[in-house]
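# Tertiary structure, described
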Amino acid sequence: MSGVFIVSDNIFSPVGATTTENFERLKQGISGVKQHHDTALADEPFYASLFDKETVFIKDNNQQYTKFEQLLIASITDALKHSSIRTSDAKTLLIISSTKGNISLLGTEPNTPALQKRIAMSTSAKLVAEHFGFINQPLVVSNACISGIMGIITGARLIRSGQYENVIVAGADVISKFILSGFQSFQAVSSGPCKPFDVNRDGITLGEGAATVILSATPTSADDIEVRGGAVSNDANHISAPSRTGAELAQAISKALDEAGLWAPAIDLVSAHGTATVYNDEMEAKALNLANLQNVPVNSLKGYYGHTLGAAGLIESIIAIRSLKEDIAIPTLGFEENGVSEPVNIYKQLLPGNFKNCLKTASGFGGCNAAVLFSKQ
């Protein structure tokens, strides 16, 4: 199987505007999660990782890009700076991953045919592609909270098939009253900063941000991390609640391992979805045990970023990739005491090690699950 390599990346979040800024601040235990008093988003105070209102995403917005599109453009711009990839190349594709896109415009604009077109993710993808001069029609991946990982898996498969030599995968989501109230209606939002896998966890913390990875058939250095394998599964269980057994996420992990030609003992680190809801973390713990990964160091990054929805899989994959490069893993902020029924190896301090292979997982509404494996060359 031909190799696919990550030759550049970016994280644009409330924690930092570059991957390096984000990783350095996470090593210092700095989180973007704060309490907010914003009646435009909620009547009561809430915790989330949000950009400051004065944050400038792109300098020139003559095209009247929305905040969602500006985030994508800012992240892709930085990733391209560190790459020689040409967007005008016929063998280069853009993939956009998001769960919500511009849907929040429904809450602020009259519902007209023009608005329906404006909120379509294909509209945003085309605008972003035109901004950078892509000649190929962009591809949109929107599959709940696995969208970011699914974008990476899709891009890798398109390169391995020979259709493209380079794929730029970018994901973003922004938090609005529409989105926050939706999660609150599920009673799924934590009363404080989230506590993944902890005995006192009581729900998610939301966040906004963007991230980009540039995939290529050709590595540019010996440090480039390889996308070794990936797979997607579905619980076929419930529209919003996850599987009660974890078997379906375990199936995605198993298929990803098979594609990578690896066994469970070869995995050195797991970057879990870890939303800090009662049911998600319990399901993930069961899945990790079914996959024989219960002793592997596991983290969740939701305590730093909140749940960034369609950007989560990309942001968290990039942090995992940097952990492989620097041989140091980020601890799970908010975790104190194990609160799941199956054993999982959650660590509370920076973890140095000799990491070669990392598994990243995600799950989402509709019962979707995804797993992707990253490896040093």
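Residues numbered from 1 in each chain as written. Predicted model: local features only at pLDDT ≥ 70, side-chain atom pairs only at ≥ 80, totals over all residues. Heavy atoms only, no water.

Before going further, it helps to spend a moment on the pattern of salt bridges. For the coordinates displayed, the defined rule picks out 15 salt bridges. Residues aspartate 281 and arginine 201 are paired through a salt bridge, measuring 3.7 Å at the closest nitrogen-oxygen approach. Taken together, the residues span a long stretch of sequence, with aspartate 281 in helix 8 (residues 278–290) and arginine 201 in the loop between helix 6 (177–185) and strand 7 (206–207) at a distance of 80 residues. Accessibility assignment for this pair places aspartate 281 and arginine 201 in one class, buried. With its nearest N and O atoms 2.8 Å apart, the salt bridge here joins lysine 302 to glutamate 316. Residue lysine 302 is located in helix 9 (residues 302–305), and its partner glutamate 316 is located in helix 10 (residues 312–326); the two are separated by 14 residues in the primary sequence. Residue lysine 302 shares its accessibility class with glutamate 316, and that shared class is buried. When salt bridges with common partners are traced through the structure, they connect Glu24, Lys27, Arg322 and Glu326 into a single cluster. (Salt bridge = Lys/Arg side-chain N within 4 Å of Asp/Glu carboxyl O. Helix = DSSP H or I, 4+ residues; strand = E, 2+ residues; numbered from the N terminus. Buried < 20%, exposed > 50% of the residue type's maximum accessible area, 1.4 Å probe, protein only.)

Next up on the list: the sheet that holds strand 7. Judged by pairing direction, the sheet is mixed, and its three strands sit side by side in the order 2-3-7 without closing on themselves. For this open sheet the edge positions go to strand 2 (33–36) and strand 7, each flanked by a neighbour on one side alone. (Pairing = 2+ DSSP bridges.)

So, on to the nonpolar core. Core analysis: the largest hydrophobic core is formed by 47 residues, its most contacted members being Leu215, Val227, Tyr305 and Phe374. The contact partners of tyrosine 305, leaving out residues within four places of it in the chain, are Ile11, Ser13, Val15, Asn22, Leu26, Val33, Ser49, Leu206, Gly207, Ile315 and Ile319. (Core = buried A, V, L, I, M, F, W, Y, C linked by side-chain atoms within 4.5 Å. Contact = heavy atoms within 4.5 Å.)

Looking now at the packing of aromatic side chains. Tallied over the full model, the rule gives five aromatic pairs. A cation over a ring is seen here: arginine 244 above tyrosine 279, with NZ or CZ 4.3 Å from the ring centre. (Phe/Tyr/Trp six-rings, centres within 6.5 Å; stacked < 30°, edge-to-face > 60°. Lys NZ or Arg CZ within 6 Å of the ring centre and 35° of its normal.)

So, about unusual backbone geometry. Positive phi, normally seen in glycine, also occurs at phenylalanine 197, with a value near 65°. Mapping phenylalanine 197 onto the fold places it in the loop between helix 6 and strand 7. Judged by its relative accessible area of 0%, phenylalanine 197 is buried. The backbone of alanine 236 shows a phi angle near 50°, a positive value even though the residue is not glycine. Of note, alanine 236 is situated in the loop between strand 9 (225–234) and helix 7 (247–260).

Pairing is mixed across the open sheet formed by eleven strands, whose spatial order is 5-4-6-8-1-9-16-15-10-11-13. The two strands at the open ends of the sheet, each matched to only one other strand, are strand 5 (139–141) and strand 13 (345–346). Pairing between strand 4 (residues 92–97) and strand 5: three bridges, direction parallel. Bridged to isoleucine 95 within strand 5 is leucine 139.

With that settled, the discussion passes to helix 10. Helix length check: helix 10 (15 residues) gives 21 Å between terminal C-alpha atoms against 21 Å at 1.5 Å per residue, within 8%. Counting buried positions along helix 10 yields 13 of 15 residues, so the element is predominantly enclosed. Where helix 10 terminates, the next one or two residues include aspartate 327, which has phi positive at roughly 55°. (Expected span 1.5 Å × (residues − 1).)

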